[in-house]
Each structure stands twice: as C-alpha cells, then as structure tokens.
Amino acid sequence: IRLHIPCLKRAAKRVFLAALCSVCQALQGGMLFPTESPSREVKDASGLWSFRADLSPERSRGFEQQWYRKPLAETGPVIDMPVPSSFNDITQDAKIRDFIGWVWYEKDVWVPARWIQDRGTRIVLRVGSAHYYSVLWVNGVKVAEHVGGHLPFEADISGVLRQTSGSACRITIAVNNTLTLETLPPGTIQYMNDRSRYPAGYFVQNTNFDFFNYAGIHRSVLVYTTPKAHIDDITVETTFSDNIGLVSFNVSVLGSSKPAVKVTLSAQDGRCVASADGSRGVLKVTDVNLWWPYLMHENPAYLYSMEVSVQATAEDGQTDVYTLAVGIRTVKVTSTQFLINNKPFYFHGVNKHEDADIRGKGFDWPLVVKDFNLMKWMGVNSFRPSHYPYAEEILQMADRHGIVIIDECPGVGIRDIRSFGNVSLAHHLTVMEELVRRDKNHPSVVMWSVANEPASEMPPAGFYFKELVSHTKSLDSSRPVTYITASNYARDLGAPYVDVICVNSYLSWYHDPGHTELISLQLNTQFDDWYGKYQKPIIQSEYGADAVPGLHSDPPMMFTEEYQTTVLQNYHNVFDQKRKEFVIGELIWNFADFMTTQTITRVVGNKKGIFTRQRQPKSGAFLLRERYWRIANETGVLPTWARYPCL
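Thresholds applied
- Residues numbered from 1 in each chain as written.
- Predicted model: local features only at pLDDT ≥ 70, side-chain atom pairs only at ≥ 80, totals over all residues.
- Heavy atoms only, no water.
- UniProt positions renumbered as here; feature names shortened; annotations may be inferred.
- Helix = DSSP H or I, 4+ residues; strand = E, 2+ residues; numbered from the N terminus.
- Rg over C-alpha atoms; globule rule 2.2 N^0.38 Å.
- Buried < 20%, exposed > 50% of the residue type's maximum accessible area, 1.4 Å probe, protein only.
- Contact = heavy atoms within 4.5 Å.
- Areas by Shrake-Rupley, 256 points an atom, 1.4 Å probe, with all protein chains shown as cover.
- Phe/Tyr/Trp six-rings, centres within 6.5 Å; stacked < 30°, edge-to-face > 60°.
- 1 Å grid on protein atoms, 1.4 Å probe; cavity = no way out; pocket = protein on both sides within 12 Å on 5 of 7 lines; lining within 4 Å.
- Points joined across faces, edges and corners; volume = space filled by probe spheres on them.
- Nonpolar A, V, L, I, M, F, W, Y, C, P; charged D, E, K, R; others polar.
- Axes fitted to C-alpha atoms, helices over the stretch in contact; angles between N-to-C directions.
- Parallel < 35°, antiparallel > 145°, perpendicular 65-115°, else oblique.
- Domains from an automatic or database assignment.
- Buried area = accessible area lost by both parts, 1.4 Å probe.
- Salt bridge = Lys/Arg side-chain N within 4 Å of Asp/Glu carboxyl O.
- Pairing = 2+ DSSP bridges.
- Core = buried A, V, L, I, M, F, W, Y, C linked by side-chain atoms within 4.5 Å.
- Left-handed = near helix turned anticlockwise from the far one by under 90°.
- Polar contact = N/O pair within 3.5 Å; in protein donor to acceptor, adjacent residues only side chain to side chain.

An unreviewed UniProt entry annotates the chain as Beta-glucuronidase of Sinocyclocheilus anshuiensis. Entered under Function (unreviewed entry) in the UniProt record, the comment concerning the chain runs "Plays an important role in the degradation of dermatan and keratan sulfates." For the record of the chain, the UniProt heading Subcellular location (unreviewed entry) holds the text "Lysosome".

Across its full length, the chain holds 12 helices and 32 strands. For the chain, the C-alpha radius of gyration of 25 Å lies close to 26 Å, the compact-globule estimate for 647 residues. In terms of its C-alpha atoms, the chain occupies a principal-axis envelope of roughly 75 × 75 × 45 Å. Within the chain, the fraction of its 647 residues that count as buried is 60%. In the chain, the proportion of contacts linking residues at least 24 apart, taken out of those at least 6 apart, comes to 73%. Element-wise, carbon and sulfur atoms account for 52% of the exposed surface of the chain, whose accessible area totals about 25300 Å².

This part covers the packing of aromatic side chains. Tallied over the entire structure, the rule returns 40 aromatic pairs. Ring centres of Y302 and Y304 lie 4.9 Å apart, and the angle between their planes is 65°; this geometry places the pair in the edge-to-face category. Look at Y304 and you get buried, because its relative accessible area is 3%. Pairwise contacts between aromatic rings join F63, W67, Y68, W102, W104, Y133 and W137 into one cluster.

Looking now at empty space enclosed by the protein. Here the structure, examined in full by the defined rule, presents 9 cavities of 30 Å³ or more. If you add up the space inside the largest cavity, you get close to 200 Å³. Lining the largest cavity are 20 residues, and of these E354, L367, V368, D371 and I394 lie nearest its centre. Of the residues that constitute the lining of the largest cavity, the class distribution is 9 nonpolar, 3 polar and 8 charged.

Take the packing of helix α6 (residues 365–378) against helix α12 (residues 619–635) next. Two numbers describe how α6 lies on α12: the axes approach to 8 Å, and their chain directions differ by 60°. Classified by the angle between their axes, α6 and α12 sit oblique to one another. Contacts between α6 and α12 involve K376, W377 and M378 from the former and A621, F622, L624, R625, Y628 and W629 from the latter. When its residues are assigned to classes, the contact of α6 with α12 shows 7 nonpolar, no polar and 2 charged.

By the assigned domains, the chain splits into domain 1 (23–177 + 213–226), domain 2 (229–326) and domain 3 (331–635). Across the contact, 12 residues belong to domain 1 and 10 residues belong to domain 2. Note on domain 1 versus domain 2: buried area summed over both sides is about 990 Å², and carbon and sulfur give 48% of it. At the junction of domain 1 and domain 2, the tally comes to 1 salt bridge. Ionic pairing is found between D320 and R40, a salt bridge with its closest N-O pair at 2.8 Å. Of the residues assigned to the side of domain 1 that touches domain 2, the class counts are 4 nonpolar, 6 polar and 2 charged.

Across the sheet, which stays open at both edges, the 3 strands sit in the order β15-β16-β19 with antiparallel pairing between neighbours. The sheet is open, and its two edges are formed by β15 (230–241) and β19 (280–286), each paired on a single side. Sheet twist, expressed as the average angle between the axes of neighbouring strands with direction ignored, equals 20°.

With that out of the way, let us pick up unusual backbone geometry. A cis amide bond, omega 0°, links D554 with the succeeding residue P555. For P555, the position within the fold is in the loop between β31 (538–542) and α11 (561–578). With an omega dihedral of 15°, the bond running from W589 to N590 counts as a cis peptide bond. Mapped onto the elements of the fold, N590 is located in the loop between β32 (583–588) and α12. Residue N341 is not a glycine yet carries a positive backbone phi of 55°. Its place among the elements puts N341 in the loop between β23 (338–340) and β24 (343–344). With relative accessibility at 3%, the residue N341 sits in the buried group.

Let us now look at the sheet that holds strand β4 (residues 102–110). Strands sit in the order β3-β2-β4-β10-β7-β8 across an open sheet of 6 strands; the sheet is antiparallel. One side of each edge strand has no neighbouring strand; the edge strands of this open sheet are β3 (79–83) and β8 (141–147). Geometrically, the sheet is characterised by an average inter-axis angle of 30° between neighbouring strands, direction not taken into account.

Before going further, it helps to examine the nonpolar core. Residues F372, F383 and F465 are the most contacted members of the largest nonpolar core, which totals 88 residues. Broken down by element, the residue count for this core peaks at 7 residues, all from α12. Not counting residues within four places of it along the chain, the set of residues in contact with F383 comprises V350, K352, F372, M375, Y390, I394, I403, V404, I405 and I406. Listed in part, the 49 residues of the second largest apolar core include V236, I328, V331 and I584.

Moving on, we get to the pattern of salt bridges. Under the counting rule described, the total for this entry stands at 35 salt bridges. Its salt-bridge partner being E586, residue R627 comes within 2.8 Å of it at the nearest N-O pair. Note that R627 is positioned in helix α12 and E586 in strand β32, a separation of 41 residues in sequence. Here the two residues R627 and E586 agree in accessibility, since each one is buried. Each of D576, R579, E586, R627, R630 and E634 takes part in a single network of salt bridges with overlapping partners.

Further remarks concern the pairing of strand β2 (residues 47–53). Both β2 and β3 contribute to a ladder of 5 bridges, which runs antiparallel. Bridging from a neighbouring strand, L48 pairs with P82 of β3.

Once that is clear, we can look at the packing of helix α10 (residues 519–534) against α11. Two elements in contact, α10 and α11, have axes whose closest approach is 9 Å; the angle formed by their N-to-C orientations is 40°. Overall, the two elements α10 and α11 adopt an arrangement that is oblique. Crossing hand, α10 versus α11: right-handed. Packed against α10, whose contacting residues are I519, S520, L523, N524, F527 and D528, the element α11 presents V567, N570, Y571, V574, F575, Q577 and K578 at the interface. The class makeup of the residues in the contact of α10 with α11 is 7 nonpolar, 4 polar and 2 charged.

Before going further, it helps to examine the side chain of K440. Tracing the backbone shows K440 in the loop between α8 (422–439) and β28 (445–452). Within the structure, the side chain of K440 is placed 2.9 Å from the side chain of T235, a separation counted as a polar contact. Here K440 is in contact with D233, I234, T235, V236, W448 and R479, once residues within four sequence places are set aside.

Structure below.
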C-alpha cells in the first residue's frame, strides 16, 4: 500500500513546485459562484456517479492503466456513489470507510448541442470541493489538477468538447485523501514494519486534528456557460458616512479588449439606487440600509443586488450579465472592541463541522437549513466554520440571515516543525489566496482565520505567521486577521501579527478534569495574561465538555449532560465580567456531535456538541439559548418578534 512512493509523490512534487511558484505570482482569474442570468446557464452534474477505489498495493494502477481513457466500468467493478457526499460511510465495507489513496469518479453528462455549436459560448466545468488532491479529465483529456480540499477549482472545457464528436461529456475525477507534512491539514503516513504484527506494506494515516478524515467529492459538480467576453471577477468593498453608503467596485473582464461595463445597484424592492459606467468606480447610496448582524438591528441582513453587465463588441459576442448580493457594512477593531458599523459587536455563537450521518462532509440543503434554524432559535449571531472553508451556499445563507462568520482556512494540526517549511508556507499562502478570492464579497465574513492551534511556540512559527498574516492583509485590507491559539501566551510567536486573539481552552476537561471549581481562577488568569501581553481584544473561540446524550448524574460527573452545563455556567460567569473589558466573544465547542477517528478517548465521535449529531438538543442547548437571547436583549436593537419570550 505505497501509493505515496510511485504515484502520489510524483504528483505531489509537481503540485508543490507549482505552489512555490504561486508565491511569486498571484493566482490568475476570479472564482465567481456560478449563477444563471440572461447570458449564463448552469447544469448540475451532481447525482449518482460511478466509483472505484484503487485497491492495488501501490494505489497507482489507475494511472498505470490510464482508467481515464475509457469508461470506468470497463476497467473493473464500479459501484454507485452519490455526489456530493463523502464516500466513507456510504457502503458497508470497512476498507472503503478507512480508505487512504486514490479513488476514481466518473459520470456522463449531456451538454446541449447549442453550447458546442456556438463558438461564442465558453463552457466551464467546476468542482465545488474534493479532498484533497484532484485530477480532472473530460473525454480522456486532462483539463485540471488541484491541491487542497474545501475550495473550488474549474477548467474551461470548450475546446475539449468541440474536438470530440457528439454532445457527450465524460467527466473523470481522481481524488486522493492522503495527508503529508506539506498539505493542509498536514498529516503523516506511518508504515508498520514489524512483520510479527503487521503484514507487508501496512500503514496508517496519522493526523493532529480531532475530526474524521472524510474524503470524496463533497460539493456540487457544475457545468456552466459564459460568453466569450465575460465577467471574470468582481471585487466589492463598502463603507458609509451618515446616511450615505459607498460601494467601491472593480470588475475584471476577459475576452474583450474594450468592454463597455455598466454596474447597477438595486434595493430589495427593485428600485435602482445607484449606477455607474466603467470597470472601476464608486456607487453612492442615499438613505442607505446597512447590513447588520442578526439580533443587532430591527432590520438585519439587508442585501442590495448589484448587476454587472458587459456589452462586448460585435466580434466579441453577446453581452454578459452577472448579479452579486451586496451588504453595505464596515468592520473595525480597537484594543478592546470589535465594531460592526461603528457599534460594538459581541460574538455569541458556535463552532461547527460539515459533518452528518451517512453523507459525512457532503453538502446537503435540508441539513444546512435545519442548522440555520437551530442557530437562530438559540440566538446565535455568529459562527466559526472550523476548521476549513465551508460551502459557498452556507456563506450565502449567512449573508441572508445576518449570521457573522470567522472564515477559516484548513490550517489545523500544524504541530510538526517540518510543516513550517517553505513548501508548506507556499501552499498555505496559495490556500489563503483561494479562500479570499472566493469569499471576499460576503458581508457575513468579518475576519480571516489563517490556522487553528498551530505549534506557534516553535522557532519557525514567527516568520511563518508573519508572512501568512501579512499576505492575507495584502489580499484584503478591509477585514482583521486572526488565528486560533491554544499555546502558552509567553511562547506564542505568531500573536504579535494578528488583530484579534482567539483562544481555545478546555478547563476542567483536558486540564484538571472534574474540577469545575478551578475554572473561574484559571480563566481569569488566561484572559489577563493574554491581554496584558498583547493589548488586543480576545475571543474565547473554543470551550466545552463532552456530554453523552441521556447520561445524567447529580452531583455532575464528566460525560453527563449536567457536567457539560456546569462547565458552561462557570465559563459564562467569567465571560460576563470580562466582556465589560476586552473579551469580545464566546463560541461554544461544538454546535453538534461529530465523527472522529477511532480512539480510546472518543466513543463514536466527539460528544462536545450541544446538539446530537442528529440535531437533537442536550441540556446545554437550552442553557445557551437563554444566555444568548439575554445578551441580545442587552446589546441589540430587536424587533418585537425577535425578543426572547421568557425575558
């Protein structure tokens, strides 16, 4: 089982060399979410795909036999696999659940003949997310490679389709979930060489993160069109003064040397409130409706609609139209406060995982809507997409509902000094650029998080995070940057470069387990030490305790629902003192129970959720609901319908 030696290593070398080059040269092109318009069509290729895991000892048979050159079923046995989903929990086969290596997906998609016949139509294939390294073919022709999960990649396949007969589009995607010291998140492959205990070639994938290494095609696969002369990217930044909103825009157009660009901003009732000609400019909005977080204003989450149209010349083809939701708001940080629209904002929310029964990390609309309903029921005003970028549709939901986001890259588990090298840094910089490029226009995103619990006390960490934070700020200067720390503050070499200190601590759980009477002293010490050293606002970005649903004890004992609520209450007492000073938020770990690797410390996953994995509440959910609504009533300006009825 040495996929990494003959196959993966060669591929990884190519990818990481490319990643190194990307430090010197910015990524090319935009990453606008595919939407339909008068000039664009979208075809969803999700559904049932043919699937085959490469079970050969070297995991390289698929490449050696060139499985992409013919229908996958002709290469050997295939099974049905839903896309989007993780492949791990779909079958009854433990080998598939725990598989590490290359898996192959294939689907035939019929492309409308008029797309192919019209040479002025550009046809693009987009994969929303595949974990972690992907190679993409269309009709046997390689069209793209991408390293890293959680973020989209795409390829212009117009030429390939027009060179093949008919309208068939056979999409083949090879995906590898192996983690190395240079990937995000990092990991290591450990070969077990004791032949008295392990067979030849036996290995395990080691990681330093506490969630299951779900793999596969996790988000939709789309085929969409644009005109030849098309809107490639849009960048929007907003501010306001008194009742005047200002929307700065920058439109990138490809395929036309002299495009005529028109930008129109409309209110929710359809009225045009501002317009301008040209690819760059500023729209002025009188009597502006600001984008406010949920429970902070009587009219939260107000979104304008910005229509961008490009009138191409006769030789360039038809007009292209793209519509973008725009929320006008500002974000600022002082030494003690986080300000949205110049008013103090206190984060009372949750951490989450893209995780659920059967589907794993696969995107699922019913689950997304249910989670947002639960968050709003609780009075959540913010959440952290831990520990990786979530689906774009989730950010769109946050925009519409006013839920504030701390947008996080997949830099979790950077614990080995070898992961602070130049190759890792190059890849990390590229991932941040992909993340900012994708999410820069979402008003819900108020902060970038570049890592979670790295070994920031190691000597290379200072330079590593200085470069990472500086690069992220150069990509987007309108939002603060943070990373989530769990190290001793005196040894944290990255903290001087961030704008907000985010601290994870599990007092009376991983430290002094069972002794909840120590939380107050230790948490106060934690906050005072961090603020005394860095004079920056602090978010308690993780805290909590495991609770097995239905397990009870009085007096409280670890793993019972009562113990979880006792831990939370002790933390809350300190939060209520410190939020009058410099603590600007609290995010419970975790929203819902989630799957992890099998270990002696986890009983079918992590049980720190305040909801079960099936989204049923534990006692802690009701405790947090009462607290969050009380804070909202103290700090927000709520409409009557939104006031918690018991307060």
